[in-house]
Amino acid sequence: MSAPRPERPLERRVKVCVVGSSNVDLVTYAERLPVLGETLPGERFEQSFGGKGANQAVMAAKLGAEVTMVTKIGDDIFGRDYLENFRRLGLDTRHVLVTAEASTGVAPIWVEQASGNNQIIVVLGANELLTPADVVAAGDAIRRCAVLICQWECPLPTMIAAIQIARDAGVTTIFNPAPARGALPDDLYALCDFLCPNESETGSLTGIAVDTIDDAERAARLLRHRGARAVLVTLGERGALLVDDGPVEFVAAPKVRAIDTTGAGDAFVGSFAFFLARGHDARDSMARAARVASISVQHRGAQPSFPRADELPPELFL
């Protein structure tokens, strides 16, 4: 199973570090999604800040965490706007790197208004140029945090380097294998305190179609057998499932009318990391994160839909 981890004292402040992607979302809303070769009239267009890494970082920051973002953006208007967005939201941007070798990542998104379902094409751009050396340079920030979050929108060797630094320092590690891009190496599984895929990513990693809760549990057990200490499968409107050393835990998502599901998984992961860093256990953290994510889907966009702490029920923070 996973390698032993050094013990570290609890910290009073909620510190989260995110190593990952920053994309600008270009969102088109329509009555329904087009089929192949079809052109549809859209209802409206919006531009907003996204990318799985940045989304998760912003969610944690909106809840009150001190967040350090390690990412790479292009030397273009999207990149300059993104840097200002991070600063406005209070993120530590000392490790937001700028390159002239690629554009800032972009994500054209199509949203079906009636259901909130979406289709996304991501052009990763500068995210692909984030290197292990960049992560090593940010090592002090990683070691000082309580929880590190990584995803798969940046090169896998970079993610492994970041998680290894965190693991060596006793920092809790979360790896969100999104979007799924093939097989994961065994050594990465062993570095994950929490492997957090969604239904499709779980299916891609295991070959098991996640049609039921039982399917999710069977797939999660397989992923845990590969070395992850715990596997947390997000199941969209159904909720989330945790498989670790304790009893299997399923948390049903609150029933709400979804307007736009863009970024809901990131809202969950960022919230989960925040509550873990705050000292809650995994089961409590996932239940709280499910409530935050359910609020996000009732609003449009990714980061714009994420609630601030003062917009949430006070009991979430008890």
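About the thresholds
Residues numbered from 1 in each chain as written. Predicted model: local features only at pLDDT ≥ 70, side-chain atom pairs only at ≥ 80, totals over all residues. Heavy atoms only, no water. Helix = DSSP H or I, 4+ residues; strand = E, 2+ residues; numbered from the N terminus. Rg over C-alpha atoms; globule rule 2.2 N^0.38 Å. Buried < 20%, exposed > 50% of the residue type's maximum accessible area, 1.4 Å probe, protein only. Areas by Shrake-Rupley, 256 points an atom, 1.4 Å probe, with all protein chains shown as cover. Lys, Arg positive; Asp, Glu negative; His and termini not counted. Charge placed at Lys NZ, Arg CZ, Asp CG, Glu CD. Axes fitted to C-alpha atoms, helices over the stretch in contact; angles between N-to-C directions. Parallel < 35°, antiparallel > 145°, perpendicular 65-115°, else oblique. Left-handed = near helix turned anticlockwise from the far one by under 90°. Contact = heavy atoms within 4.5 Å. Phe/Tyr/Trp six-rings, centres within 6.5 Å; stacked < 30°, edge-to-face > 60°. Lys NZ or Arg CZ within 6 Å of the ring centre and 35° of its normal. Salt bridge = Lys/Arg side-chain N within 4 Å of Asp/Glu carboxyl O. Core = buried A, V, L, I, M, F, W, Y, C linked by side-chain atoms within 4.5 Å. Pairing = 2+ DSSP bridges. Expected span 1.5 Å × (residues − 1). Polar contact = N/O pair within 3.5 Å; in protein donor to acceptor, adjacent residues only side chain to side chain.

A. Representation of the overall build of the protein chain in the model. Along its length, the protein chain carries ten helices and 13 strands. A compact globule built from 318 residues would reach a C-alpha radius of gyration of about 20 Å, and the protein chain, at 18 Å, matches this within 12%. Counting every position in the protein chain, which comprises 318 residues, the buried fraction comes to 54%. Element-wise, carbon and sulfur atoms account for 52% of the exposed surface of the protein chain, whose accessible area totals about 13,600 Å². The positive charge centre, built from 32 side chains, and the negative charge centre, built from 40, are 5 Å apart in the protein chain.

B. Inspection of the packing of helix α7 (residues 199–206) against helix α8 (residues 213–225) at higher detail. Look at α7 against α8: their axes get within 10 Å of each other, and the N-to-C directions meet at 55 degrees. For the element pair α7 / α8, the angle class is oblique. For the pair α7 and α8, the crossing hand works out as left-handed. Contact with α7, carried on its side by Thr 202, Leu 205 and Thr 206, involves Ala 219, Leu 222 and Leu 223 of α8 and no other residues of that element.

C. Here's a closer look at the packing of aromatic side chains. Going through the model one piece at a time under the given rule, you end up with eight aromatic pairs. Taken together, a centroid distance of 4.7 Å and an interplanar angle of 55 degrees make the contact between Phe 49 and Tyr 82 tilted. Taken together, the residues span a long stretch of sequence, with Phe 49 in strand β3 (residues 44–50) and Tyr 82 in helix α2 (residues 77–88) at a distance of 33 residues. Judged by its relative accessible area of 0%, Tyr 82 is buried. For the ring pair Trp 152 and Phe 175, a centre distance of 6.4 Å and an interplane angle of 55 degrees mean the geometry is tilted. Within this pair, whereas Trp 152 is found in the loop between β8 (147–151) and α5 (156–168), its partner Phe 175 is found in strand β9 (residues 172–176), the two being separated by 23 residues in sequence. Neither residue differs from the other here; Trp 152 and Phe 175 are each classed as buried. In this structure, Arg 300 packs its charged tip against the face of Tyr 29, placed 5.7 Å from the ring centre.

D. How the structure looks around the pattern of salt bridges. In the structure shown here, the tally under the stated rule is 19 salt bridges. A salt bridge links Arg 94 to Asp 92; the nearest nitrogen and oxygen atoms lie 2.5 Å apart. Note that Asp 140 is salt-bridged to Arg 143, the shortest N-O span being 3.0 Å. Remark: Arg 143 and Asp 140 occur in helix α4 (residues 139–144); sequence separation between them is three residues, near one turn of the helix. A relative accessible area of 49% means that Asp 140 is categorised as partly exposed. In the salt-bridge network here, residues are joined through shared partners; they are Arg 167, Asp 193 and Arg 229.

E. Quick look at the nonpolar core. Of all hydrophobic cores here, the largest spans 50 residues; its most connected members are Val 67, Ile 174, Phe 268 and Phe 272. At nine residues, helix α9 (residues 264–278) tops the list of elements feeding residues into this core. When neighbours within four sequence positions are excluded, Phe 272 is seen to be in contact with Ile 174, Phe 194, Leu 232, Ala 282, Ser 285, Met 286 and Ala 289. One finds Ile 165, Phe 175, Leu 184 and Tyr 189 within the second-largest nonpolar core, a separate group that totals 39 residues.

F. Up close: the sheet that holds strand β1 (residues 15–19). Strands sit in the order β5-β4-β1-β8-β9-β10-β11-β12-β13 across an open sheet of nine strands; the sheet is mixed. Two strands in the sheet have a free side with no partner beyond their single neighbour: β5 (96–99) and β13 (249–252). In this structure, β1 lies alongside strand β4 (residues 66–74), joined through five bridges in parallel fashion. Counterpart to Val 18 in the pairing with β4 is Met 69. Most of the contacts of helix α1 (residues 52–63) go to β4, to which it runs at about 155 degrees, and overall it touches β1, β4, β8 and β9.

G. Quick look at the sheet that holds strand β2 (residues 23–30). The four strands are arranged β3-β2-β6-β7 in an open sheet whose pairing can be described as mixed. With partners counted over all chains shown, the strands left at the sheet margins are β3 and β7 (118–120), one partner each. Each strand axis lies, on average, 25 degrees off the axis of its neighbour in the sheet, ignoring direction. Relative to β3, β2 is paired through seven bridges, and the arrangement is antiparallel. When the bridges of β3 are listed, Val 24 appears paired with Phe 49.

H. Spatial organisation of helix α10 (residues 282–296). For α10, spanning 15 residues, the distance from its first C-alpha to its last is 21 Å, which sits close to the expected 21 Å at 1.5 Å a residue. For α10, the elements touching its buried residues are α1, β10 (194–195), β11 (230–234), β12 (239–243), β13 and α9. Where α10 begins, one side-chain oxygen reaches toward the backbone nitrogen of Arg 283, 3.2 Å away; that side chain belongs to Asp 281.

I. Here's a closer look at unusual backbone geometry. The linkage connecting Ala 178 with the following residue, Pro 179, adopts the cis geometry, with an omega of -10 degrees. One can find Pro 179 in the loop between β9 and α6 (186–191).

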